[in-house]
Amino acid sequence: MSDPTLPATIDTRPRSLSGDAWDDLRHSKIFWVSSGLALLILLMAFFPTLFTSANPADCTLSRQYAGPSGGALFGFDYQGCDVFARTIHGAGNSLWVGLLATLLAGVIGLFFGMAAGYFGGAVDAILSRGIDIVLGIPFLLGAVVFSGRLSGAGDDGVTAVTLTLGLLTWTSAARVMRSSVVAAKGQDYVAAARMLGASPARLMFRHILPNAFAPFIVVMALLLGANIAAEATLSFLGVGLKGDAISWGVQIAEAQKHARVAPAPLIWPSTFLAATVLAFIMLGDAVRDAFDPKLR
Amino acid sequence: MFRYIVRRLLQMILTFFGATFVVFALMFANQDDPVQALAGEKPVSASLREALTERYHLDEGLLSQYWYYMSNLLTGDLGESISGREIGTLLEDSWPVTVRLSLMALVIAAALALGAGVWSAIRRGSVFDNGILAFTLLLLALPIVVLAPVAQWIFGMELGWFPATASRNASFYALLLPALVLATTVVATQLRVTRTSVAENLRADYVRTARAKGLAPRRVIWVHVLRNSLIPLVTLIGVDLGVLMSGALVTEGVFNIPGVGSKLAQGIRTEDGPMVVGFVSVLVIVFLVMNLVVDLLYAALDPRIRYE
């Protein structure tokens with residue numbers, strides 16, 4: 001007798017956590033909306049000329065605060081620059097700095113977190129105190145000193161901001177990595193691999209890492225959103241991108257002084273920045289929900 | 001409790017020296033010309049060069065420089081800024097309004113987080129709960145560089161509900177909009193943490209026992225559940241103090257509040273190295289001490305931690 005509550009065919013293939021998670025994600029509207037938005041922003045960052053043919057550096061004072069016209073959908077700002085072109089081109093620097101900084105933080109966090117979790121003992125104690133020290137400096141205060149120190153005279157500040165953000169934000173990645181490695185280390189399959197004679201490097205990268213990777217990826221997505229916002233904040237304060245570099249933070253800082261007269265140059269870069277951060281945070285949230293078995 | 005305090009103090013001392021050394025080394029170590037680095041890109045006169053060298057002992061080794069820097073810092077001697085004003089006086093003038101602003105932001109955030117978080121946890125999955133989750137997501141996505149200028153433009157200028165700027169002796173009302181803006185930097189995480197921990201505690205055995213004894217639902221939630229749910233919130237508030245300091249840097253600048261944040265932002269703009277280092281060092285110390293206080297509070301709240 002067949003049980004009527006069971007479907008006619010049961011999928012008996014073994015299912016992995018990531019397979020389950022992908023199944024969840026495929027049916028999540030938030031996932032598709034946020035990755036669509038993220039893709040659009042990536043497209044804007046790497047091919048800005050698809051969206052606008054105007055030169056963002058072409059500023060003429062006679063066009064100050066001129067309304068929207070032709071290609072300049074959002075009008076012109078205080079300096080007479082095309083707000084639309086500058087907002088589109090601003091995506092490049094923001095994303096580029098955000099991606100590189102997050103990658104740097106991820107690499108540092110991955111290695112420190114794995115080392116602390118795998119070796120434990122003194123290595124763990126030293127690395128954990130190191131994390132405490134970095135967390136003992138309020139983020140923006142550290143970033144202000146760091147970025148000011150790293151940027152040389154006359155450069156556009158991209159390297160300085162990337163290094164600053166990377167070196168100050170790896171702690172969350174390291175903590176997550178450490179705790180998932182500690183959890184994975186005690187599993188039977190790791191003990192089995194060790195008994196078969198696997199080297200520590202093989203154990204770490206072949207056996208422990210793949211199973212500890214999901215929470216790490218989530219932290220990376222959230223960190224990307226946070227780092228893009230942090231770049232804008234540093235640029236806003238004048239220790240981020242500077243000179244001729246186009247950045248949403250610089251645009252907002254400039255437009256904020258004249259918001260009473262001309263709000264459009266303030267509103268548009270703000271909207272794009274918020275949408276970008278939202279896209280990555282939503283993506284991180286959706287992926288976390290999919291990977292967290294406790295929520296199922 | 002005593003052993004816990006001693007252990008936390010030892011940990012803090014380590015973090016304290018580590019963090020101040022990092023800030024110090026960033027400013028002074030491995031510079032081609034440390035005096036120039038302190039003065040930014042401005043030309044340095046011979047007398048200023050001499051004064052800075054003497055002040056920071058730049059002609060000695062790094063460790064002895066650090067020693068002088070720390071002993072000056074701990075005795076409250078912060079020296080002079082490049083423009084020749086006492087950094088200690090600058091700090092003294094600017095801290096009261098910053099403390100008021102941050103306290104207002106903290107109280108607003110914690111009250112919202114508690115109220116909405118508890119309600120959300122009780123009505124898990126309801127329209128209200130989902131609305132709150134969507135709202136916190138939106139807040140997390142709005143960086144303070146977006147929120148502060150836009151809020152100032154909408155509520156301060158267009159609608160005119162609040163003053164667009166605030167002075168040193170600003171009234172409660174004048175500080176309300178900046179405080180709300182500042183509160184948004186911490187309220188989302190606080191709310192989510194409260195919601196999660198209340199929801200978890202609602203399922204605990206002691207809640208079932210309390211209900212079975214016939215206690216009023218209100219008392220079960222606000223006395224039994226809340227005390228246990230406050231623990232993660234209190235820890236988070238310690239971390240949030242650092243977030244508030246970062247937020248104040250932007251908020252005070254935008255709303256023209258002459259507090260610590262805008263003074264520091266001004267120091268950054270005018271490339272005043274001594275002022276930036278002085279302010280940042282003091283803020284790092286305040287942050288670490290406040291975190292120690294929070295940790296002790298946390299032990300008072302949860303006896304399990306004391307006997308660890």
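Residues numbered from 1 in each chain as written. Chains lettered and ligands numbered in written order. Predicted model: local features only at pLDDT ≥ 70, side-chain atom pairs only at ≥ 80, totals over all residues. Heavy atoms only, no water.

What follows concerns the overall build of chain A. When its secondary structure is counted, chain A shows ten helices and zero strands. Buried residues in chain A amount to 50% of all 296 residues. Counting contacts in chain A only where the partners sit at least 6 residues apart, residues at least 24 apart contribute 72% of the total. (Helix = DSSP H or I, 4+ residues; strand = E, 2+ residues; numbered from the N terminus. Buried < 20%, exposed > 50% of the residue type's maximum accessible area, 1.4 Å probe, protein only. Contact = heavy atoms within 4.5 Å.)

Facing the 42 residues of chain B at the interface are 37 residues of chain A. Around 3,500 Å² of area is buried between chain B and chain A when both sides are counted, 79% of it from carbon and sulfur atoms. Counting the surface chain B buries against chain A, the share from its top three residues, B:Leu26, B:Val145 and B:Trp153, is 16%. Between the two partners, chain B and chain A, sit one salt bridge. (Buried area = accessible area lost by both parts, 1.4 Å probe. Salt bridge = Lys/Arg side-chain N within 4 Å of Asp/Glu carboxyl O.)

What follows deals with the UniProt feature "transmembrane region" (unreviewed entry) in chain A. Residues and elements named next belong to chain A. In this structure's numbering, the residues bearing the UniProt feature "transmembrane region" (unreviewed entry) are residues 30-51, 95-119, 131-151, 157-177, 212-230 and 266-287. As annotated, residues 30-51 comprises 77% helix and 0% strand, and the C-alpha atoms at either end are separated by 25 Å. Annotated as 100% helix and 0% strand, the span residues 212-230 places its first and last C-alpha atoms 27 Å apart. (UniProt positions renumbered as here; feature names shortened; annotations may be inferred.)

Right, let's get into unusual backbone geometry. One non-glycine residue, B:Asn256, lies in positive phi territory at about 60 degrees. Here B:Asn256 shows up in the loop between α10 (217-254) and α11 (260-269).

Moving on to the nonpolar core. Core analysis: the biggest nonpolar cluster contains 141 residues, and A:Leu273 and B:Leu264 have the highest contact counts within it. When sequence neighbours within four positions are dropped, the list of residues in contact with B:Leu264 reads A:Leu141, B:Leu249, B:Val276, B:Phe279, B:Val280 and B:Leu283. Formed by eleven residues, the second largest nonpolar core is a distinct cluster that contains B:Ala121, B:Ala199, B:Val207 and B:Ile221. (Core = buried A, V, L, I, M, F, W, Y, C linked by side-chain atoms within 4.5 Å.)

All names here are of chain B. When the UniProt feature table is mapped onto this chain numbering, "transmembrane region" (unreviewed entry) sits at residues 12-29, 101-122, 134-155, 170-188, 230-255 and 275-301. In this annotation, residues 101-122 is assigned 100% helix and 0% strand; the end-to-end C-alpha distance for the span is 32 Å. Along residues 170-188, the helical share is 89% and the strand share 0%, with 27 Å between the first and last C-alpha atoms.

As a further point, take the confidence of the model for chain B. When pLDDT is averaged along chain B, the result is 81, and 93% of the positions lie at 70 or above. Listed scores for the predicted complex are pTM 0.82 and ipTM 0.81. (pLDDT = per-residue confidence, 0-100.)

Below, the discussion takes up the packing of aromatic side chains. Under the definition given, this model contains ten aromatic pairs over all chains. Judged by centre distance (6.1 Å) and plane angle (90 degrees), the ring pair of A:Phe46 and A:Trp96 falls under edge-to-face. Of the two residues, A:Phe46 sits in helix α2 (residues 29-46) while A:Trp96 sits in helix α3 (residues 83-119), which places them 50 residues apart along the sequence. Through a chain of ring-to-ring contacts, the aromatic side chains of B:Phe21, B:Tyr66 and B:Tyr69 assemble into a single cluster. (Phe/Tyr/Trp six-rings, centres within 6.5 Å; stacked < 30°, edge-to-face > 60°.)

Residue and element names in this part refer to chain A. Between its terminal C-alpha atoms α3 stretches 53 Å, which fits the 54 Å expected from 37 residues at 1.5 Å a residue. Most of α3 sits inside the fold, with 27 of its 37 residues counted as buried. Remark: Gly 120 follows α3 within two positions and exhibits a positive phi of approximately 60 degrees. (Expected span 1.5 Å × (residues − 1).)

What follows deals with a nonpolar patch on the surface. Residue and element names in this part refer to chain A. On the surface, Leu 40, Leu 43, Phe 46, Phe 47, Leu 50, Phe 51, Trp 96, Leu 99, Leu 100 and Leu 103 cluster together to form a nonpolar patch covering roughly 930 Å² of accessible area. Contributions of two or more residues to the nonpolar patch are made by α2 and α3. In terms of residues, the nonpolar patch owes the most to one element, α3, which gives four residues. With respect to the element layout, Leu 99 can be found in helix α3. (Patch = residues over 30% accessible without salt bridge, like charges linked within 9 Å, V, L, I, M, F, W, Y side chains within 5 Å. Areas by Shrake-Rupley, 256 points an atom, 1.4 Å probe, with all protein chains shown as cover.)

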